[in-house]
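# Remarks on the overall topology
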Amino acid sequence: MSAEARAEPQGDGGHAGHHSTLRGIVLKIVLVAVFVGMQTCIKAAGDVPAGQIVFFRSFFAIFPIIAFLASKRQLATAFATKRPFNHVARGIVGVGAMGLGFFALTRLPLPEAITLNYAQPLLVVVFSSIFLGEAIRVYRWSAVAIGLVGVLLISWPKLTLLRSGAALGDQEVLGVIAAFAAAAISAIAMLLVRNLVQTEKTATIVLWFSSTASVLSLLTLPFGWQPLTPVQAALLVVAGFCGGLGQILMTAAYRHAEASVVAPFEYSSMILGVVVGYLVFGDVASLNTLAGGLIVVAAGIFIIWRERQLGLERTRTRRATPPQG
């Protein structure tokens, strides 16, 4: 899943009741299914240039988002911003992550492509320390280290194919490298989104990103776009609509429940990826993928839990500190 989908929506889930929290969880699971559907459509479209996929994914995502905002009467102000350069910078980074992720998706089995993307939240912790100077304690560093061991466990069988010299092996190795690079660049995009959400509305971030990505992806046209069959074009259009629908569902999920409650259900995509990969593409998840995936999932859930605990500590500290002056 892309960075803009994970980080933008901020809601009032802290005041939600049990029924509302359950609704948020259901929406999150539906969202995960929609994004796995998007990835399935992209993989089923075959060996299409990554820039071409990015265009379809970004451009056709705009339509459901615009329809939703129009129904909420929020469209008139959705593009309004005082930080256009920040949006463009976030778009450039996001397009790089998306293109590499789609390249990996066309060269790896679906379960592995999905699971390797779980490295992104681990790298967010690393980059938050490096670029933002956030204090990261030993618990989260330990979780990151363990999670990256899981990523290596998933990747190792592909990396050992370098010794065989087989063309298929080379393609899978490139897929692993692209997937990890996509996770790293996506983590940087997450930091940019964190900065944007302080002043910008979710609708503004989503629309600016989809529009920027659509324009930037057109710059790859001279580098080998190919004619599409009607089936390929239909699959990529559906992938774009799924991407837009995913943005709407994410916003709704986080409006009904706290991020720390909803976020762990992101990892249900691993189960869906294994099932869909087997049923649609005949991909059988390897033992390395399953074991490594479970390690990465455990590390990611621990980081989410730790973030929640630190947030509660900060809240108690603020309440306990008497006003100054």
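Overview of the structure. (Residues numbered from 1 in each chain as written. Predicted model: local features only at pLDDT ≥ 70, side-chain atom pairs only at ≥ 80, totals over all residues. Heavy atoms only, no water.)

The helix and strand tally for the chain stands at 14 helices and zero strands. When the helices and strands of the chain are placed in sequence order, the string is α-α-α-α-α-α-α-α-α-α-α-α-α-α. A separation of at least 24 residues holds for 89% of the contacts in the chain among residues at least 6 apart in sequence. Counting every atom, the chain has about 15,300 Å² of accessible surface; 69% of that belongs to carbon and sulfur. (Helix = DSSP H or I, 4+ residues; strand = E, 2+ residues; numbered from the N terminus. Contact = heavy atoms within 4.5 Å. Areas by Shrake-Rupley, 256 points an atom, 1.4 Å probe, with all protein chains shown as cover.)

Let's shift gears to the nonpolar core. Ile42, Leu108, Leu116, Tyr118, Phe127 and Leu236 are the most contacted members of the largest nonpolar core, which totals 68 residues. The dominant element in this core, judged by the number of residues it contributes, is helix α2 (residues 18–44), at nine residues. Other than its neighbours up to four places away in sequence, Tyr118 contacts Glu266, Tyr267, Ser269, Met270, Val296 and Val297. Listed in part, the seven residues of the second largest apolar core include Ile62, Leu69, Val206 and Leu207. (Core = buried A, V, L, I, M, F, W, Y, C linked by side-chain atoms within 4.5 Å. Buried < 20%, exposed > 50% of the residue type's maximum accessible area, 1.4 Å probe, protein only.)

Further remarks concern the packing of helix α3 (residues 50–59) against helix α5 (residues 84–105). Viewed as axis vectors pointing N to C, α3 and α5 meet at an angle of 115°, and their least axial separation amounts to 9 Å. Along this stretch, α3 crosses α5, giving a crossing that reads as right-handed. Side by side, α3 and α5 meet where Ala50, Ile53, Val54, Arg57 and Ser58 of the first sit next to Val95, Met98, Gly99, Phe102 and Phe103 of the second. Tallied by class, residues from the contact of α3 with α5 come to seven nonpolar, two polar and one charged. (Axes fitted to C-alpha atoms, helices over the stretch in contact; angles between N-to-C directions. Left-handed = near helix turned anticlockwise from the far one by under 90°. Nonpolar A, V, L, I, M, F, W, Y, C, P; charged D, E, K, R; others polar.)

With that out of the way, let us pick up the packing of aromatic side chains. A complete count under the given rule lists twelve aromatic pairs for this structure. Judged by centre distance (5.8 Å) and plane angle (85°), the rings of Phe55 and Phe56 are edge-to-face. Just as Phe55 is buried, Phe56 falls in that class too. Aromatic rings pair up to connect Phe55, Phe56, Phe59, Phe60, Phe63, Trp225 and Phe241 into one cluster. (Phe/Tyr/Trp six-rings, centres within 6.5 Å; stacked < 30°, edge-to-face > 60°.)

A word on unusual backbone geometry. In this model, Arg73 sits at a positive phi of 60°, which is unusual for a non-glycine residue. Turning to its location among the elements, Arg73 is positioned in the loop between α4 (62–71) and α5. Classification of Arg73 by relative accessible area gives exposed; the value is 79%.

What follows deals with the side chain of Glu112. Summarising the element assignment, Glu112 is placed in helix α6 (residues 110–116). Once residues within four sequence positions are removed from consideration, Glu112 is found in contact with Lys158, Ser286 and Thr289.

Here we take up the pattern of salt bridges. Applying the stated criterion across every chain, the model contains three salt bridges. In this structure, Arg107 and Asp47 form a salt bridge, with 3.5 Å as the shortest nitrogen-oxygen distance. With Arg107 in the loop between α5 and α6 and Asp47 in the loop between α2 and α3, this pair connects stretches of sequence that are 60 residues apart. Of the charged contacts, one joins Glu134 and Arg194 as a salt bridge, the two residues approaching to 3.3 Å between their closest N and O atoms. Of this pair, Glu134 sits in the loop between α7 (119–132) and α8 (138–159) while Arg194 sits in helix α9 (residues 167–196), and the two are 60 residues apart along the sequence. (Salt bridge = Lys/Arg side-chain N within 4 Å of Asp/Glu carboxyl O.)

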